[in-house]
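Residue-level listing of the chains:
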Amino acid sequence: KQSQARIGLRCAMSLSWMEHNLPRLEKINSINEFRVEEEKLLHHLNCLAEEVFFLEQLLLAAKIMAKVESTLHKKMLNLCHSWLRTFLPHCLSKINRVSFGLLNSDDCQKALADDPNVPRSRLKLAVPFVGKDVPSKSSEFAHPDVIIGMTVLAYRYSGLRRNDFNDVIDLMTQQFSQEIGPPRDRDSSRRYECWVLEAGGKIRQPEKIGDGPKSVVSGLGEGGVASKVPGIGVRESVLVAAGESRVEVVQLKFLQKSDEEQMGKLFELFRYEPTVLHYYLQKVVFPTYMRSQNQKLSASGQTVGGDMIVSRRVGFSGTPSDLL
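From a predicted model like this one, the values you see are computed outputs, not experimental measurements.

Calculation criteria
- Residues numbered from 1 in each chain as written.
- Predicted model: local features only at pLDDT ≥ 70, side-chain atom pairs only at ≥ 80, totals over all residues.
- Heavy atoms only, no water.
- Helix = DSSP H or I, 4+ residues; strand = E, 2+ residues; numbered from the N terminus.
- Buried < 20%, exposed > 50% of the residue type's maximum accessible area, 1.4 Å probe, protein only.
- 1 Å grid on protein atoms, 1.4 Å probe; cavity = no way out; pocket = protein on both sides within 12 Å on 5 of 7 lines; lining within 4 Å.
- Points joined across faces, edges and corners; volume = space filled by probe spheres on them.
- Nonpolar A, V, L, I, M, F, W, Y, C, P; charged D, E, K, R; others polar.
- Salt bridge = Lys/Arg side-chain N within 4 Å of Asp/Glu carboxyl O.
- Axes fitted to C-alpha atoms, helices over the stretch in contact; angles between N-to-C directions.
- Parallel < 35°, antiparallel > 145°, perpendicular 65-115°, else oblique.
- Contact = heavy atoms within 4.5 Å.
- Patch = residues over 30% accessible without salt bridge, like charges linked within 9 Å, V, L, I, M, F, W, Y side chains within 5 Å.
- Areas by Shrake-Rupley, 256 points an atom, 1.4 Å probe, with all protein chains shown as cover.
- Bend = angle between axes of the 7 residues up to and from the residue.

Asks: Help me understand unusual backbone geometry in this model?
Replies: Even without glycine at this site, R97 takes up a positive phi of about 65°. Within the secondary structure, R97 is located in the loop between α3 (71-92) and β1 (100-101). Relative accessible area serves as the criterion here: at 14%, R97 is assigned to the buried category. With phi around 60°, D133 is a residue other than glycine that occupies positive phi space. Judged by its relative accessible area of 38%, D133 is partly exposed.

Asks: I would appreciate a short explanation of the layout of surface pockets in the present structure.
Replies: Where empty space is left can be seen by rolling a probe of water-molecule size over the atoms. Approximately 350 Å³ is the volume found for the second largest pocket. Looking at the lining of the second largest pocket, the elements with two or more residues in it are α4 (105-114) and β3 (134-135). A per-element tally of the lining of the second largest pocket places α4 first, with 4 residues. Taken together, the residues of the lining of the second largest pocket sort by class into 7 nonpolar, 2 polar and 6 charged.

Asks: What should I look at first to understand the pattern of salt bridges in this one?
Replies: Side-chain pairs of opposite charge can arise where the charged atoms are in close proximity. Overall, the coordinates contain 12 salt bridges when judged by the stated rule. Note that R204 is salt-bridged to E248, the shortest N-O span being 3.4 Å. Here E248 lies in strand β5 (residues 248-249) and R204 lies in the loop between β4 (202-203) and α9 (234-242), a separation of 44 residues in the sequence. A residue is classified by how much of its surface remains accessible, and R204, at 33% relative accessible area, is partly exposed. A single network of salt bridges, built from pairs that share partners, joins R97, D107, K132 and D133.

Asks: Please explain the packing of helix α7 (residues 162-178) against helix α11 (residues 274-289) as it appears in this structure.
Replies: To characterise two packed helices, one gives the angle between the axes of the helices and the distance between these axes. Interhelical geometry of α7 versus α11 gives an angle of 75° and a closest axis separation of 11 Å. Taken together, the axis directions place α7 and α11 in an arrangement best described as roughly perpendicular. Judged by residue contacts, D164, D167, V168, L171, M172 and Q175 of α7 engage V276, Y279, Y280, K283 and V284 from α11. Taken together, the residues of the contact of α7 with α11 break down into 7 nonpolar, 1 polar and 3 charged.

Asks: Sorry if this is basic, but what is going on with a nonpolar patch on the surface here?
Replies: A contiguous nonpolar surface patch, about 410 Å² in accessible area, is contributed by L84, L88, L92 and Y157. A total of 3 residues in the nonpolar patch trace back to one element, the largest contributor, which is α3. Mapped onto the elements of the fold, L92 is located in helix α3.

Asks: How should α11 be read in this particular structure?
Replies: The periodicity of an α-helix, 3.6 residues per turn, causes residues three or four positions apart to be oriented the same way. L281 marks where α11 bends most, by close to 40°. Along α11, the residues classified as buried are V276, L277, Y279, Y280, L281, V284, V285 and F286. Packing partners of the buried residues in α11 comprise α5 (121-124), α6 (144-158), α7, α8 (187-198) and α10 (260-270).

Asks: Sorry if this is basic, but what is going on with the environment of S292 here?
Replies: For S292, the position within the fold is in the loop between α11 and α12 (301-304). Judged by its relative accessible area of 63%, S292 falls in the exposed class. In this structure the C-alpha to C-alpha distance between S292 and P144, which are 148 residues apart in sequence, comes to 9.5 Å.

In structure tokens:
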């Protein structure tokens, strides 16, 4: 699809052409000459039809937006439109580890060695690349929506790094210690077990199916699955039926970071799991490294020279003294 500006430019050129050539077309008597001009006329009529279609769509969007009363809903619709038409196509057109990507462990250590005060956002968010596996030394993406889109894609392509995985485990164990109730009924434990099952693993010493329809995960909220999985996960049951071997890990209450074997198994399970990645981005990366303000102060030169700073003015900087 052509851009809106290009369609408008072609429409203006078509109108100009028709204004200057329609009187001449009415005086053409030769059939051959008329056929040549007919092709040009049809081309310009198609340009006008594209502009009419665009204006009709714009009018329809305006009528729909007029029926939306909530300001928040209007903002969300505009944001969705911008993402679908602009930001998402732009992000998907880039190549991971060529145009953008995450700094790997070696890149992070090198960046910290070169500059101990390097912005921590460069270590967690996607950064521009100048070539294959060559991240930019200091530049970052400026547009916040582009940063979000590139960061999500970078984590989906490259997966969690070991430091990221440690942050997820620390957050889960901290939440688990702050919650009350039976260990396996706590939200953090249910979320943890859901991640393991979705990644194709299994929990050591699970509840037996014959004891009744024990719900392994339910009410997980953010980062989990809202539906109940009686007895065993859907993906896990498929693996059992296929006879495939699954990685077995301990329950969250028995997990210890000093156990390298269990941590290694979990890292391989969670590294590319979408629910784990989105949970980590939503809870750790974006709130910490994508800080924003609810309000933005802006002013033009005319406003600065108004009553905002001083109540009485005699001139701006550079005003000739004879005028004062």
